[in-house]
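Geometric and topological summary
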Amino acid sequence: MPVRPVAYSASMIDYQHAYLRGAGWSVADASLILTNDRRPCGLWPLSLGGVAAATGLTSQGEPIAPPLFTVGTSANTIKRIVTDCLDWLDSVSDRLGAAHLCREDARPGFADQGLSEFYQQSIRRGARLIGVSHDAYVDLRSDMERIRATWRKSYRPLVAAGLR
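To keep things clear, this report deals only with the structure shown in the data block. (Residues numbered from 1 in each chain as written. Predicted model: local features only at pLDDT ≥ 70, side-chain atom pairs only at ≥ 80, totals over all residues. Heavy atoms only, no water.)

1. Focus on the overall build of the protein
Scanning the protein from N- to C-terminus turns up five helices and eight strands. Going residue by residue from the N terminus, the α and β elements of the protein occur as α-β-β-β-β-β-β-α-β-α-β-α-α. Of all 164 residues assigned to the protein, the portion counted as buried reaches 33%. Taking all contacts inside the protein whose residues are at least 6 apart in sequence as the whole, residues at least 24 apart take part in 56%. For the protein, the accessible area works out to roughly 10,700 Å², and carbon and sulfur atoms hold 54% of it. (Helix = DSSP H or I, 4+ residues; strand = E, 2+ residues; numbered from the N terminus. Buried < 20%, exposed > 50% of the residue type's maximum accessible area, 1.4 Å probe, protein only. Contact = heavy atoms within 4.5 Å. Areas by Shrake-Rupley, 256 points an atom, 1.4 Å probe, with all protein chains shown as cover.)

2. Regarding the pairing of strand S2 (residues 32–36)
In this structure, S2 lies alongside strand S3 (residues 39–44), joined through five bridges in antiparallel fashion. The residue of S3 that forms the bridge with Thr35 is Pro40. Where S2 folds back onto S3 in an antiparallel hairpin, the turn is made up of two residues, including Asp37, whose phi is positive at roughly 55°. (Pairing = 2+ DSSP bridges.)

3. Quick word on the state of the cysteines
Scanning the model with the defined rule gives zero disulfides in all. With no disulfide of its own, Cys41 lies 8.9 Å from the sulfur of Cys85, the closest cysteine sulfur. Overall, Cys85 belongs to the buried group, its relative accessible area being 6%. (Disulfide = S-S within 2.5 Å.)

4. Some points on the sheet that holds S2
Pairing within the open sheet is antiparallel, and its three strands lie in the order S2-S3-S6. Each edge of the open sheet is held by one strand with a lone partner, namely S2 and strand S6 (68–69). Across the sheet, helix H2 (residues 75–96) is in contact with S2, S3 and S6; its angle to S2 comes to roughly 135°. (Axes fitted to C-alpha atoms, helices over the stretch in contact; angles between N-to-C directions.)

5. Some details on the packing of aromatic side chains
Using the criterion set out here, one finds two aromatic pairs in the structure. Ring geometry for Trp44 and Trp88: centres 5.9 Å apart, planes at 65°, overall edge-to-face. With Trp44 in strand S3 and Trp88 in helix H2, this pair connects stretches of sequence that are 44 residues apart. Judged by relative accessible area, Trp44 falls into the buried class, the value being 0%. Consider the rings of Trp44 and Phe118, whose centres lie 6.0 Å apart with planes at 70°: the pair is edge-to-face. One end of the pair, Trp44, is in strand S3; the other, Phe118, is in helix H3 (residues 117–124), and 74 residues separate them in sequence. Put simply, the rings of Trp44, Trp88 and Phe118 touch in pairs and so form one group of aromatic residues. (Phe/Tyr/Trp six-rings, centres within 6.5 Å; stacked < 30°, edge-to-face > 60°.)

The following block contains the structure:
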């Protein structure tokens, strides 16, 4: 994976499941390793669970996160796999009698790629409630002067005031 967000890590999934169990949920890890030609090419963090009879698929109690694909996975392969994922998700949701909500998170290293194929196909399928979040990331390997040089001039005094 080029970058694996914390929410996709096994330790975070375990933590979130423990948290949900403490809140009265019955929850199980349903994460999937996606394959192409029998080789792993993606990761999709899913959880099955809920409170009492309200069971459904989530991403650790939150709306369903998009799959994350390995470097080198072609756009056509991603499109095909996402279509299959959404077909499967619709089928499972129908069987469980529960609607599914999806989300699009900021993905470090992917800012220039726009919205994911998962998000775009979900919208085309008529998804009604999908959250989109935006985050800013800074590469802290550079020295502070080089980092400051990349900021918009109007923001520099604001940051300096914040540091004071």
